[in-house]
Every structure is written in structure tokens, then in C-alpha cells.
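Chain and residue survey
Below are the chains, spelled out letter by letter.
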Amino acid sequence: MEKRVFLIVLDSFGIGAEPDAAAFGDAGTNTLGAIANHPNFNCPNLRKLGLFNIDGVTAGEKTDAPAAAFARLQEQSMGKDTTIGHWEIAGVVSPEPLPTFPEGFPEELIREYEQKTGHKVLCNKPYSGTQVLKDYGEQAMRENALIVYTSADSVFQVAANEELVPVQELYRYCEIAREMLKGKYGVGRVIARPFLGNSADTFYRTTNRHDLSLKPPRKTMLDLLKDAGRDVIAVGKIFDIFDGEGVTEKIKTTGNTNGIAFTKALQTCDFEGLAFVNLVDFDMLYGHRRDVAGYAAAATEFDRFLADFLPGMREGDLLMITADHGCDPSYTKTTDHTREYVPYLVCGKGVKAGTDLGTKLCFGTIAQTICEYLEVDASTLDGKSVIIEKDRTKTKSSYRTLPLVKPFEDALLRKKAEQAENRRLCGKCYDKSHLDYINVNEMGKLITPGFLTQHFPLVLERNGMKKIRFHDLRHSCASLLYSNGVALKDIQEWLGHSDISTTSNIYTHLDYSSKVASANAILSLL
């Protein structure tokens, strides 16, 4: 079965202040709470998944039967910016915040930047991205200067008019800044902010934004998946955030509408691995601009996408919806990100719907869960997996009672005794969630479904045997039963097929003597 994970980050879609929000200047913030009662907010599909059932969410109306597993995630990293948030989602916690420059960048750094770019620098202060154009845009055009500004986040932003500084040239200037900004000046992102217009009243930022991020300090989920041969498709600014590390394919977007369209198109493509999507407009267009109405409308647009996306999910698909931080559009003390919990919604045909996972510390929960689902070792990543899979079989006929012959009974009893001993030795470290299961490891954790299929070829190779699929053993078993006189109906029940024709056509291979007998029977009729 092809396994695909669609991880969608609603950039800045926080669901309430974290316990340490006051230390970040964000006490009482709640992005979801700010938009949920606005007339533009209409999200029945997010409600069905369980958004309003999440721990601590007081906005909206809960549903009696959530279609997803759901949790509230608390950030463990010391920050509230895009880079740190996404790194933690990918399994890398940042115990130290990235540097910020509330008084602007050091004068010697700016002078060096002017020398390397050949342009005068204006502003060099924390500033709103739209207000800085109104206050400095006309001067920048008159003097052919670059507007450099920052915010409460760890960013070095460079704005220039596209008609005077071509986009590719602005990108080059940002690459110069990225090369300079290391060590104590190592901001999370250098951001190109091209704009157009002729006056303070007409200036607007174009969609040609480009982020140059720090490389993650160590391997993330993306690297582990890529190294294991899985696809890692980056949609939106994901490629930029990770500086391309661990990405196998990138898709650039111009905003939410475009990103949503690409995600829907990916649903029709064959791949095995992760589609990692960032929908930036929530943050860039509505959060920072403190536009409650626009933010609410963007949530409604995404909800309409879910109405189309959910029915098209395949057997092996997982959909995960989360965020990287908050950006409360009703919080007017600043225009910056807000330190908030984020939602975590997981749905798919193999997920146990309605599972309340409570509050989990660390966004790395997501990376661990994805790696476990895709059967990739994530022991080097932060966080803990909370994958919730259904106890299920392929069809109703797969639920069946079979006689337990003595050798198998003895083997199962030995296994049970071994598990009891492991539980005694491990004590509190033993996972007690799966005590009714046979296939668990020494620590009580479920053995992943792909374990046998992955290790069976190694067993064959070590013993010099012909390479076959593990599933082919069913073929052999059915054929041996049939050749030894077992009725086809009995074989059907042993194999759990709903239709006897499946047993006859697929699994039963007649031996040579049976073929000869059939040929002689036909001959006698001629």
C-alpha cells in the first residue's frame, strides 16, 4: 500500500496563549478566538475534524463525533518565529532563541552591507512591512536605496521597488546579507520584499517574496525521509525555510489559493512519502496586518478545500493540519507573531477517529508520527509519536475463528511469558498501551506492519533462498492445502476471502498431477 502524508501548516493559526506567553509579550492572545465569531468564518469541515474539541479551545461548537484524532501542541523551542516553529515540526527543538535586533542592526554591519551592494540603506529599525513602504518607499526610489528593516522576529528584510531593482538583483543582495549574517548576527531568515507602485499611497508588496533561511543545526525529518528513499515534496515556502535540505521536489506558490490548488493536484499524483505544505497568507496578509476579516475569510477558503480534498483521500493517506506559531489579528500591542499553542488534526482511513490526544509538549510530535507511519527511524529527532491507528482488517470476512494447533499454542504462550518478563524488567518504561497485542517489541511498542515485509528478503538472502514476496507464502499454503485434498471452501475460510472465486483464481495453483487428471478427463469425453 502506497503511504502518503499531507502535512499542511496554516501559517500562524494559533489556538490560544501558551503558559509562557507573557514572557514574550503575548498574554491573552488567541488567533482562533479572534476569528471564530467573525461573519467571514464558516468552517464546518474543520469542526467535523474536531478543531473545536481540542483541549483548551473555547471558540466554536464542538462535534459529538470528530472525524480526526486531535491534540493541542505546545512549542518547546524558545521562540515564536517561522524558522524555529518549522524546525520543531520537523523534529529539531531550538533551546536558544535566534538573535533579534530591537534597536536595528549594528552600524558597522549596515556600512559593510552598503559597500557590498553599492546601495544606500534606509530605515534599519523594527517596522511594519506595509508601513515601512509608506514611510520610506518614495525616498528609496529617489535615492535608489534599499529599505532594510526587522521585527520582533529573527529577520533581516530588504525591500526594493521592482522597477528600479530587478527581482533577481534583489535576491542577490539578500544572498549577500545571508552570507554576512552568521554567528551572533545569524538571524533565522533574510527576506526579499519586492514592491511596486509610484507613491506612498500606491505602494504594494508583490508575490515575489523570497526567504533565505539558516540551515537547520542538524538533520530534520526531511533529511531522514529523503535518506530512506521517500519523496519529500515542499509546497510554498517550505523549501526556503529548510534551505532546501531534505527536499526532493519543490513547488513555489504565490499564496494560499495557489498553494491549495497545488495540494489538490498532488492528491492525484503517485508518490510515497511527504507533501509538506505551508499556506503563508494567514500570517503574511492577515496576521501581521491585523486583518480579522481577511484571516477569517482565508480560514473559510481552506475549509472549502477540505470539502473537496477529504473524499479523495486514498487508503494509505494521512492528512495532518497544524501551525507553526500564532499571529493574533486582534492583538494591537504589536504586529508580530504571538506565542500560542497550535492545533494538530490527523485523519485518514487508518486513523482512529475521535481520539483526544490532549496537550502534547513539542511540535516534534508531528515528525515522530510521520516517520513512524512511513517506517523510517526517527530516534535522532525530538518529540514522541502519537500515531493512532484503527484496529481493523481489510474486510468483514477477515474477522474469523481458526483452530489453534498445539505448536502454535505453545509458541504464543512462550511469547506471552517473554512479554511479561520484559514488562517486569522495564518497569515504568514499558509501554502498557498494547498489552492485548502479540506483536510488540521488548519495550511494549507495536511492531510496525511493514516489519515482516522489510525483513523477509534479508532472511531469504541469508539462507540462499529464491527471492519471493512474503505475501507469496499464502499462495504456497493454499496450493499445498488443495493438493492434499482440502476443500476449496475450507481454504477460502482459512484465508479469509469474502468470495470463493478469489481463492480459486488467485491463490490456488494446481500441481502437475491435477493438471494431468484434468487433461485425461477431457480426453475421455472426446
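Look up: the structure comes first, before these words.
Read on for an overview of the structure.

What counts and what doesn't
Every chain is numbered independently, its residues counted from 1 as its sequence is written. With pLDDT at 70 or above as the cut-off, local features in this predicted model cover only qualifying residues; side-chain atom pairs require 80 or more to be listed or tallied, and sums for whole chains, interfaces and linings still use all residues. Side-chain figures throughout are based on the complete set of non-hydrogen atoms in the structure, without hydrogens or water. A run of H or I in DSSP counts as a helix once it spans at least four residues, and a run of E counts as a strand once it spans at least two, with each numbered from the N terminus. Between two residues, a contact is recorded if the distance between any of their heavy atoms is within 4.5 Å. Accessible surface area values rest on a Shrake-Rupley calculation with a 1.4 Å probe, where residue burial reflects the displayed protein chains alone. Charge assignment: positive for Lys and Arg, negative for Asp and Glu; neither His nor the chain ends contribute. For charged residues, the charge sits on one atom: NZ in Lys, CZ in Arg, CG in Asp, CD in Glu. Throughout this description, buried means an accessible area under 20% of the type-specific maximum (1.4 Å probe, protein chains only), exposed means over 50%, and partly exposed covers the range between. Directions pointing from the helix axis toward each C-beta atom define the arc. What qualifies as a polar contact is a pair of N or O atoms within 3.5 Å, subject to a donor-acceptor requirement within protein and to the restriction that residues adjacent in sequence count only when both atoms come from side chains. The axes used here are C-alpha line fits, helices contributing only the stretch in contact, and every angle between their N-to-C directions lies in the interval 0 to 180 degrees. Reported orientations rely on four angle classes, namely roughly parallel under 35 degrees, roughly antiparallel over 145, roughly perpendicular from 65 to 115, and oblique for the rest. If you view the pair so one helix is near and one far, a crossing is left-handed when the near helix is turned anticlockwise from the far one by less than a right angle, and right-handed when it is turned clockwise. Only centres within 6.5 Å qualify two rings of Phe, Tyr or Trp (six-membered ring in Trp) as a pair; their planes then separate them into stacked at under 30 degrees, edge-to-face at over 60, and tilted for everything else. Any Lys NZ or Arg CZ that is within 6 Å of a ring centre and within 35 degrees of that ring's normal is treated as a charge sitting over the ring. Here a strand pair is declared whenever DSSP counts at least two bridges between the two strands. What a helix is expected to span follows from its residue count: subtract one and scale by 1.5 Å. Any carboxyl oxygen of Asp or Glu within 4 Å of a side-chain nitrogen of Lys or Arg constitutes a salt bridge here. Count a disulfide wherever a pair of cysteine sulfur atoms falls within 2.5 Å.

**Concerning the overall build of the chain**
- Secondary structure summary: the chain contains 18 helices and 14 strands in total.
- Expressed as a percentage of contacts within the chain between residues at least 6 apart in sequence, the contacts between residues at least 24 apart total 66%.
- Of the roughly 25400 Å² of accessible surface on the chain, a fraction of 54% belongs to carbon and sulfur atoms.
- Here the chain contributes 61 positively and 69 negatively charged side chains, and the mean placements of these two sets differ by 4 Å.

**Digging into helix α16 (residues 488-495)**
- Buried residues of α16: Ile 491, Gln 492 and Leu 495, and no others. Each buried residue of α16 lies within a common arc of 105° when the element is viewed along its axis, so the set occupies one face.

**Looking at unusual backbone geometry**
- If you check the backbone angles, Asn 144 has positive phi at about 50° while not being a glycine.
- Mapped onto the elements, Asn 144 comes out in the loop between α5 (131-143) and β4 (146-150).
- Positive phi, normally seen in glycine, also occurs at Arg 290, with a value near 50°.

**Some thoughts on the side chain of Ser 213**
- In this structure, Ser 213 sits in strand β8 (residues 210-213).
- Using a relative accessible area of 3% as the deciding quantity, one classes Ser 213 as buried.
- Of note is the side chain of Ser 213, whose polar atom sits 3.1 Å from the backbone oxygen of Asp 240.

**Section: the packing of helix α4 (residues 107-117) against helix α6 (residues 167-180)**
- Taken N-terminus to C-terminus, the directions of α4 and α6 make an angle of 140°; their axes are 10 Å apart at the nearest point. Classified by the interaxial angle, the pair formed by α4 and α6 is oblique. You can see that α4 and α6 cross each other, and the crossing is right-handed. Where α4 approaches α6, its residues Leu 109, Glu 112, Tyr 113, Lys 116 and Thr 117 are matched on the opposing element by Tyr 173, Cys 174, Ile 176, Ala 177 and Met 180.

**Description of the packing of aromatic side chains**
- As enumerated under the stated definition, the model contains 15 aromatic pairs in all.
- Measuring from ring centre to ring centre gives 6.2 Å for Phe 101 and Tyr 185, while their planes differ by 50°; the resulting arrangement is tilted. In this pair, Phe 101 sits in the loop between α3 (82-89) and α4 while Tyr 185 sits in the loop between α6 and β6 (189-196), placing the two residues 84 residues apart along the sequence.
- Grouping aromatic residues by their ring pairs yields a cluster made of Phe 6, Phe 271, Phe 302, Phe 305 and Phe 309.
- Its guanidinium or amino end placed over the ring of Tyr 373, Lys 3 lies 4.6 Å from that ring's centre, counting from NZ or CZ.
- Sitting over the face of the ring of Phe 239, Lys 250 holds its NZ or CZ atom 4.2 Å from the ring centroid.

**Focus on the sheet that holds strand β13 (residues 342-347)**
- Strand order in the open sheet formed by eight strands is β10-β9-β11-β1-β12-β13-β2-β14, and the pairing between neighbours is mixed. Strand pairing shows two members of the sheet lacking a second neighbour, β10 (249-251) and β14 (356-361), which therefore form its edges. Across the sheet, the mean angle from the axis of one strand to that of its neighbour is 15°, orientation sign disregarded.
- Strand direction decides the pairing type here: strand β1 (residues 4-10) and strand β11 (residues 273-279), joined by seven bridges, are parallel. Bridge pairing in β11 links Leu 7 to Phe 276.
- Sitting on the sheet, helix α12 (residues 364-373) touches β1, β2 (69-74), β11, β12 (317-322), β13 and β14, and the angle it makes with β12 is about 175°.

**Brief notes about helix α15 (residues 472-483)**
- For α15, with 12 residues, the first-to-last C-alpha span of 17 Å sits near the 16 Å given by 1.5 Å per residue.
- Of all the residues in α15, the buried ones are Asp 472, His 475, Ala 478 and Ser 479. All buried residues of α15 project into a common sector of 120° when viewed along the axis, lining one side.
- Just downstream of α15 lies Gly 485, where phi reads positive at about 85°.

**Some thoughts on the pattern of salt bridges**
- Under the defined criterion, the tally for this structure stands at 27 salt bridges.
- Here Glu 18 makes a salt bridge to Arg 339, at a shortest N to O gap of 3.3 Å. With Glu 18 in the loop between β1 and α1 (31-35) and Arg 339 in the loop between β12 and β13, this pair connects stretches of sequence that are 321 residues apart.
- Salt-bridge contacts for Asp 211 lead to Arg 189; the nearest nitrogen and oxygen are separated by 3.1 Å. Taken as a pair, Asp 211 in strand β8 and Arg 189 in strand β6 lie far apart in primary sequence, 22 residues in all. For the pair shown, Asp 211 and Arg 189 are each scored as buried.
- In this structure, a network of salt bridges that share partners links the residues Glu 18, Asp 20, Glu 75 and Arg 339.

**A few points about the environment of Leu 473**
- Turning to its location among the elements, Leu 473 is positioned in helix α15.
- The exposure class of Leu 473 is partly exposed, given its relative accessible area of 37%.
- Residues in contact with Leu 473, not counting those within four places in the same chain, are Phe 456 and Ile 468.

**With respect to the state of the cysteines**
- Tallied over the entire structure, the rule returns zero disulfides.
- The cysteine Cys 43 is free of any disulfide, with Cys 347 supplying the nearest cysteine sulfur at 15 Å.
- Residue Cys 43 is classed as buried on the basis of its relative accessible area of 5%.
- Note on Cys 123: no disulfide assigned, nearest cysteine sulfur contributed by Cys 174 at a separation of 15 Å.
- According to the relative accessible area criterion, Cys 123 is buried, its value standing at 14%.

**Here's the deal with the environment of Thr 31**
- You can see Thr 31 is positioned in helix α1.
- As a C-alpha pair, Thr 31 and Ile 15 span 16 residues in sequence and 5.8 Å in three-dimensional space.
- Beyond its immediate chain neighbours, meaning those up to four positions away, Thr 31 contacts Ser 12, Phe 13, Gly 14, Tyr 295, Gly 326, Cys 327, Asp 328, Pro 329, Thr 338 and Glu 340.

By themselves, these figures tell us nothing about what the structure is for.
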